[in-house]
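# Observations on chain architecture
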Amino acid sequence: MKITGTFLDEISHDIPHQNWGEKEWERDFIAMKEAQIDTVILIRCGHKRFMTYPSEYLMKTMNCYCPPVDLVDMFLRLAEKYGMTFYFGLYDSGKYWMQNDCRKELDISKFVAEEVYKRYGKYSSFGGWYLNCEVSRAYTGIIPLYAGLGQFVKELSGGLPTMISPYIAGVKAFPDNPITIAQHEKDWDEILSGIKGAVDILAFQDGHCDYEELLDYLYLNKELADRYNMKSWTNCESFDRDMPINFLPIKWEKMRLKLEAARKAQVDKAITFEFSHFMSPHSMYSSAHGLFDRYMEYIQEL
């Protein structure tokens, strides 16, 4: 099972910024290409007051800072140059949807999507949308948010695919009260039945349950995706949730366990969060360089 996609995390709230310019980013796209990555997903175009492109709408309505570089344009150009498909991650207020005010979040994201597609839809690399409100259960308002936003951006862009990357409410997320697999199926059957047709790709994060549980969840998540005619991807996290420090590159043995489980479950595609910090030979973390080397040996074996 190869990792053929990665998130791009330029607006983060829990990992350090690498302060790369276009030269460094192009060097990393070359490394991604070497690793056979064909899909890049901007995890969010903005978070709270910081953003990746000079959005007039967000500067006016959310008091966002104007960025010094248009990263969206840069990523689209690099994706085009290196033959990759780019998924655009929408804005995250860090506020409204977390307060169950999903209507407000939806309204903001619709304006952002219109602005973005008018500006960047010309790029052949613009291949889809990422609906970036990440949840683990059927929280209030999440179904109409996913459904409304997915339908809107698909109509806006002539049917470009949409994806979500939720997480499992497992022992690493909720150590005192982890979800059961039966409850996970119940919750996600409810969610997926409500967003059918609006979301095309279901890419569950794989790091919130124990390794011995993962295969069962992967089988179930694929079954749920098949049930609602969605693609089943796995988001193979390349950082380690077992360490006391958040977050460091994962031990290769653990990543291999997760990839082998995904292979057994026959998921459609593996992506990661995320190559540039945790797997790249150019990462600020030297242990990521070793992870890249071990991974490249692995795919050469395959």
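Above: the structure in question.
These remarks concern the structure in this document. Keep in mind that this is a model prediction, so the values were computed, not measured.

Conventions and cut-offs
- Residues numbered from 1 in each chain as written.
- Predicted model: local features only at pLDDT ≥ 70, side-chain atom pairs only at ≥ 80, totals over all residues.
- Heavy atoms only, no water.
- Helix = DSSP H or I, 4+ residues; strand = E, 2+ residues; numbered from the N terminus.
- Rg over C-alpha atoms; globule rule 2.2 N^0.38 Å.
- Buried < 20%, exposed > 50% of the residue type's maximum accessible area, 1.4 Å probe, protein only.
- Contact = heavy atoms within 4.5 Å.
- Areas by Shrake-Rupley, 256 points an atom, 1.4 Å probe, with all protein chains shown as cover.
- Pairing = 2+ DSSP bridges.
- Axes fitted to C-alpha atoms, helices over the stretch in contact; angles between N-to-C directions.
- Expected span 1.5 Å × (residues − 1).
- Disulfide = S-S within 2.5 Å.
- Core = buried A, V, L, I, M, F, W, Y, C linked by side-chain atoms within 4.5 Å.
- Phe/Tyr/Trp six-rings, centres within 6.5 Å; stacked < 30°, edge-to-face > 60°.

Each helix and strand in the protein chain was counted, giving 10 helices and 13 strands. Over its C-alpha trace the protein chain gives a radius of gyration of 18 Å, about what one expects of a compact globule, namely 19 Å for 302 residues. By the burial criterion, 57% of the 302 residues in the protein chain qualify as buried. In the protein chain, of all internal contacts separated by at least 6 residues, the share reaching a separation of at least 24 is 77%. For the protein chain, the exposed area adds up to about 12800 Å²; of that, 49% sits on carbon and sulfur atoms.

Moving on: the sheet that holds strand E10 (residues 231-235). Overall, parallel pairing links the eight strands, which are arranged E1-E2-E5-E7-E8-E9-E10-E13 in a closed barrel. Between one strand axis and the next, the sheet turns by 30° as a mean value, whatever way the strands run. Of the pairings in the sheet, the one linking strand E9 (residues 201-205) to E10 comprises five bridges and is parallel in character. Within E10, the position partnered with Leu-202 by the bridge is Ser-232. Taken strand by strand, helix H3 (residues 71-81) contacts strand E1 (3-8), strand E2 (39-42), strand E5 (85-89) and strand E7 (126-130), and its axis lies near 160° from that of E5. Together, E5 and E7 form the strand contacts of helix H4 (residues 102-120), whose direction differs from that of E7 by roughly 170°.

Right, let's talk about H4 for a bit. Taking 1.5 Å per residue, 19 residues should reach 27 Å; H4 reaches 26 Å between its end C-alpha atoms and fits that length. Of the residues making up H4, those classed as buried are Cys-102, Glu-105, Leu-106, Ile-108, Ser-109, Val-112, Ala-113, Glu-115, Val-116 and Tyr-120. Among the structural elements, helix H2 (56-61), H3, E5, strand E6 (91-92), E7 and helix H5 (142-156) are those in contact with the buried residues of H4.

Further remarks concern the state of the cysteines. All chains considered together, the criterion is met by zero disulfides. You can see Cys-66 has no disulfide; the closest cysteine sulfur is in Cys-64, sitting 10 Å from it.

Right, let's get into the sheet that holds strand E3 (residues 46-47). Strand order in this open sheet of three strands is E4-E3-E6, and the pairing throughout is mixed. If you trace the sheet from one side to the other, it starts and ends with strand E4 (50-51) and E6, each paired once. Summarising the sheet, E3 and E6 pair through two bridges and their orientation is parallel. Residue pairing for E6: Gly-46 is matched across the bridge by Tyr-91.

Okay, the side chain of Ser-232 next. One can find Ser-232 in strand E10. For Ser-232, a relative accessible area of 2% translates into the label buried. Once you skip the residues sitting within four places of it in the chain, Ser-232 turns out to touch Leu-202, Asn-221, Lys-222, Ala-225, Val-267, Asp-268 and Lys-269.

Below, the discussion takes up the nonpolar core. Proteins that are soluble and globular tend to have nonpolar side chains buried together. One finds Phe-29, Phe-88, Val-112, Leu-259 and Tyr-295 to be the most contacted residues of the largest nonpolar core, which totals 91 residues. Not counting the four nearest positions on each side in its chain, Tyr-295 is found in contact with Lys-2, Ile-3, Ala-35, Trp-252, Leu-259 and Met-279. Counting residues in hydrophobic clusters, the runner-up holds 17 residues, among them Ile-41, Ala-203, Phe-239 and Phe-278.

Turning our eyes to something else, we now look at the packing of aromatic side chains. Inspection of every chain in the model, using the stated rule, returns 26 aromatic pairs. Taking the centre distance of 5.0 Å and the plane angle of 80° together, the rings of Trp-20 and Trp-25 count as edge-to-face. Accessibility classification places Trp-20 together with Trp-25 in one group, the buried group. Centroid distance Tyr-53 to Phe-88: 6.4 Å. Interplanar angle 70°. Geometry classified as edge-to-face. With a gap of 35 residues between them, Tyr-53 in the loop between E4 and H2 and Phe-88 in strand E5 connect regions that are remote in the sequence. Chaining the aromatic ring pairs together yields one cluster made of Phe-7, Tyr-130, Phe-239, Phe-247, Phe-273, Phe-278 and Tyr-285.

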